[in-house]
Amino acid sequence: MSDTRETRGELVGDGCGQQHYISLVSEIISQQTAEAGRLPGVYIMTFGCQQNEADSERLAGVAEAMGYVMVDRPEEASLIIANTCAVREHAEQKALSHIGRLKHIKKENPAAVIVACGCMTAQEHRQNELKQRYPYVDIVLGSSGWQRLPELLYRRLSGERRLFCLDDGGAVPENLPVRREFSYKAWLPVMYGCDNYCSYCIVPYVRGREQSRRPEDILAEARELVGNGCRDITLLGQNVNSYGRDLGTGYDFAQLISDISAIEGDFRLRFMTSHPKDATRRLVDALAKSDKAARHFHLPLQSGSDKILKAMNRRYNRANYLDTVAYIRERMPDIALTSDIIVGFPGETDEDFEDTLDIIRRVRFDMIFSFVFSPRRGTPAADMDNQVPGEVKTQRYLALVELQNAISEEINKRFQGSVVRVLCDGPSKTDKSMYGGRTSGNKIVYYPGEQADIGNFVNVKVERTEAFALYGTKTGEPAADNR
Ligand code: SAH
Ligand code: SF4
Ligand code: F3S
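Everything quoted here is computed from the prediction, not taken from an experiment.

Caption draft 1: Broad picture of the packing of helix H10 (residues 253-261) against helix H11 (residues 281-289). Put simply, H10 and H11 touch, their axes get as near as 8 Å, and they point 10° apart. Between H10 and H11, the crossing angle belongs to the class labelled roughly parallel. Contacts between H10 and H11 involve Phe-253, Ala-254, Gln-255, Ile-257 and Ser-258 on the former and, on the latter, Arg-282, Leu-283, Ala-286 and Leu-287. Class assignment of the residues belonging to the contact of H10 with H11 gives a composition of 6 nonpolar, 2 polar and 1 charged.

Here you go:
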């Protein structure tokens, strides 16, 4: 790995000098454009969570500033970027298989530059693997790849050999361009990294320590979004509740919610993700007071067993969790609650799993995202010796999904006949006459819609409900909840 270390050494402290490289690459690109008679394309594939989607919007912004145009197929691109995820084995295999398919593209078009970045390639062993087994990949960066693309691309286009570069934990630059996928809804990163080290999780290793953006930068971005007609803003961070701690000014996430809520306009404010140990009453109060905060709270539980929660290093227990839920519901009775659950964590017995089912029956979440524990190299849980056999994990996963589906179905039945306010996303993939959108509580709603609805609020009268969606028709009647 001498290459990686050398490259990393050179880059330390560079975070913000990218504007210079954007200009240098633009010069090369305009020369190429003049020769080829057309603008070069950039194709970006994104794996993983909303954070990666937000980073990809920044990669796209930077690529556009350098003179590339977005294209829909890698075959048409001169620059191909794979923004990868490492949260579970499946995510890594998926990214690797997509990167594998780029081999023939490089063969057809040897001048195309292939970049792999994101959480998977923030790991030294994956960088080595790409170096040895994927010789057609030109540049490999970590999760801060979007911040350094211009420099590395310039070096590669100027004839340097393949570049491998691990993250250096430097300050996140503020002034890089963004190309947002939608105008009416937006990701707004408020912080990067995670300090929590849940024992199963790779994120702190691949995304580094928590770094909060300055409130004034976030507020300026939020104001600009709302001014441009954005109707749904999701604040992003691995644990938004610890927002601001590293700034040392006392400004916290609850204050940020209040300040963004004070921006004038018809928009919804969301956030992802909130760690139960830090979900304070102060935050819940700020949400309850806000007329912008969507009535949805995603509060990942992971397990209902105190023993497993301890082994996961989650730093809350069943009782704390249930207290938090009770307070959220006391202040916002109409709120939709969702959660993440991992089954098959090392040492999870039938009784531990029963505790998880029990808490799910008590809380009655609107929806949960269930995951089978996936050992991640370098995390403490991967080396625990009491791993749960594959078939037990599968059985528990199925039992969990069955229980939750029944609960989601029952909860959604309550919407039958009511009018909900939906932010329309556009036609459904399977039936183009049905348009889909989301309620304040993040429920998916389908109705016969039209092009003009996209990006606007529409009232829909619910006629039929299922576990994962509500169905209805547009109505002039007011919604029960005007959020
Ligand atoms: N920061 C967020 C989410 C991070 S990853 C949080 O703390 O909630 C999203 C979800 O993936 C986690 O909530 C967890 O349920 C799941 N997850 C993370 N690591 C995993 C692993 N090794 N195996 C299975 N699921 C995992
Ligand atoms: Fe992973 Fe835990 Fe951080 Fe979430 S809070 S990203 S689960 S370490
Ligand atoms: Fe995946 Fe990285 Fe997100 S590991 S889930 S893309 S933070």
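Caption draft 2: Representation of the site of ligand 1. Around ligand 1, 15 residues are found, and the nearest of them are Tyr-200, Gln-238, Gln-302, Asp-340 and Ser-374. Here an oxygen atom of ligand 1 and a side-chain polar atom of Gln-302 are 2.7 Å apart. Contact between ligand 1 and Asp-340: an oxygen atom at 2.6 Å from a side-chain N or O atom of the residue. Contact with the protein chains removes 90% of the 530 Å² of surface that ligand 1 exposes when unbound.

Caption draft 3: Seen up close, the nonpolar core. Within the largest apolar cluster, 56 residues are counted, with the highest numbers of intra-cluster contacts made by Ile-233, Leu-235, Ile-260 and Phe-297. Among the nonpolar cores identified, the runner-up in size contains 28 residues, and Leu-96, Ala-116, Leu-130 and Tyr-134 belong to it.

Caption draft 4: Examining the sheet that holds strand E15 (residues 419-427) more closely. Judged by pairing direction, the barrel is mixed, and its 5 strands sit side by side in the order E15-E16-E17-E19-E18 before closing back on the first. Strand-to-strand twist in this sheet, taken as the mean axis angle between neighbours without regard to direction, amounts to 50°. Here strand E16 (residues 434-438) runs beside strand E17 (residues 444-448); their pairing, made up of 5 bridges, is antiparallel. In the strand pairing of E17, Gly-436 is matched with Tyr-446.

Caption draft 5: Region of interest: the pairing of strand E4 (residues 113-118). Across the 6 residues of E4, 6 count as buried, placing the element largely inside the fold. Here 2 bridges tie E4 to strand E5 (residues 139-140), and the two strands are oriented parallel to one another. Of the residues in E5, the one forming a bridge with Ala-116 is Val-140. The handedness of the E4 to E5 crossover, carried by helix H6 (residues 124-133), is right-handed.

Caption draft 6: The pattern of salt bridges, seen in detail. Applying the stated criterion across every chain yields a total of 44 salt bridges. Arg-126 serves as the salt-bridge partner of Glu-92, at 2.6 Å between the closest nitrogen and oxygen. Linking Glu-92 in helix H4 (residues 89-100) with Arg-126 in helix H6, this pair joins segments that are 34 residues apart in sequence. Here Arg-364 ties to Glu-410 by a salt bridge, and the two come within 2.8 Å at their closest N and O atoms. With Arg-364 in the loop between helix H14 (350-363) and strand E14 (367-372) and Glu-410 in helix H15 (residues 390-413), this residue pair connects regions lying 46 residues apart in the sequence. Here the salt bridges do not stand alone but share partners, grouping Glu-57, Arg-58, Glu-174, Arg-180, Arg-213 and Glu-221 into one network.

Caption draft 7: Spatial organisation of unusual backbone geometry. Met-272 connects to Thr-273 through a cis peptide bond whose omega is -10°. Inspection of the secondary structure puts Thr-273 in the loop between strand E11 (268-272) and H11. A positive phi angle is found at Tyr-197, which is not glycine, with a value near 50°. Locating Tyr-197 in the fold gives a position in the loop between strand E8 (191-192) and helix H8 (203-207). Despite not being glycine, Asn-442 shows a phi value in the positive range, around 70°. Looking at where Asn-442 falls in the secondary structure, it is placed in the loop between E16 and E17.

Caption draft 8: Just the pairing of strand E10 (residues 232-236), in detail. Across the 5 residues of E10, 5 count as buried, placing the element largely inside the fold. Taking every second residue as pointing to the same face, both faces of E10 are buried, with Asp-232, Thr-234 and Leu-236 on one and Ile-233 and Leu-235 on the other. Bridge count between strand E7 (residues 185-189) and E10: 5 bridges; the pairing is parallel. From the neighbouring strand, Trp-187 faces E10, where its bridge partner is Thr-234.

Caption draft 9: Molecular detail of the site of ligand 2. Near ligand 2 you find Cys-194, Asn-196, Tyr-197, Cys-198, Tyr-200, Cys-201, Val-203, Pro-204, Gln-238, His-275 and Arg-314, and these make up its full shell. Taken together, the residues that form the shell around ligand 2 break down as 7 nonpolar, 3 polar and 1 charged.

Caption draft 10: Here's a closer look at the packing of helix H9 (residues 215-227) against H10. In contact at an axis separation of 10 Å, H9 and H10 are set at 30° when each is read in the N-to-C sense. Taken together, the axes of H9 and H10 are roughly parallel relative to one another. H10 is crossed by H9, and the crossing has right-handed handedness. Counted together, Ile-218, Leu-219 and Ala-222 of H9 and Leu-256, Asp-259 and Ile-260 of H10 form the full contact between these two elements. Taken together, the residues that form the contact of H9 with H10 break down as 5 nonpolar, no polar and 1 charged.

Definitions and limits used
Residues numbered from 1 in each chain as written. Chains lettered and ligands numbered in written order. Predicted model: local features only at pLDDT ≥ 70, side-chain atom pairs only at ≥ 80, totals over all residues. Heavy atoms only, no water. Axes fitted to C-alpha atoms, helices over the stretch in contact; angles between N-to-C directions. Helix = DSSP H or I, 4+ residues; strand = E, 2+ residues; numbered from the N terminus. Parallel < 35°, antiparallel > 145°, perpendicular 65-115°, else oblique. Contact = heavy atoms within 4.5 Å. Nonpolar A, V, L, I, M, F, W, Y, C, P; charged D, E, K, R; others polar. Near = heavy atom within 4 Å. Polar contact = N/O pair within 3.5 Å; in protein donor to acceptor, adjacent residues only side chain to side chain. Areas by Shrake-Rupley, 256 points an atom, 1.4 Å probe, with all protein chains shown as cover. Core = buried A, V, L, I, M, F, W, Y, C linked by side-chain atoms within 4.5 Å. Buried < 20%, exposed > 50% of the residue type's maximum accessible area, 1.4 Å probe, protein only. Pairing = 2+ DSSP bridges. Right-handed = clockwise from strand over helix to strand, strands pointing away. Salt bridge = Lys/Arg side-chain N within 4 Å of Asp/Glu carboxyl O. Left-handed = near helix turned anticlockwise from the far one by under 90°.

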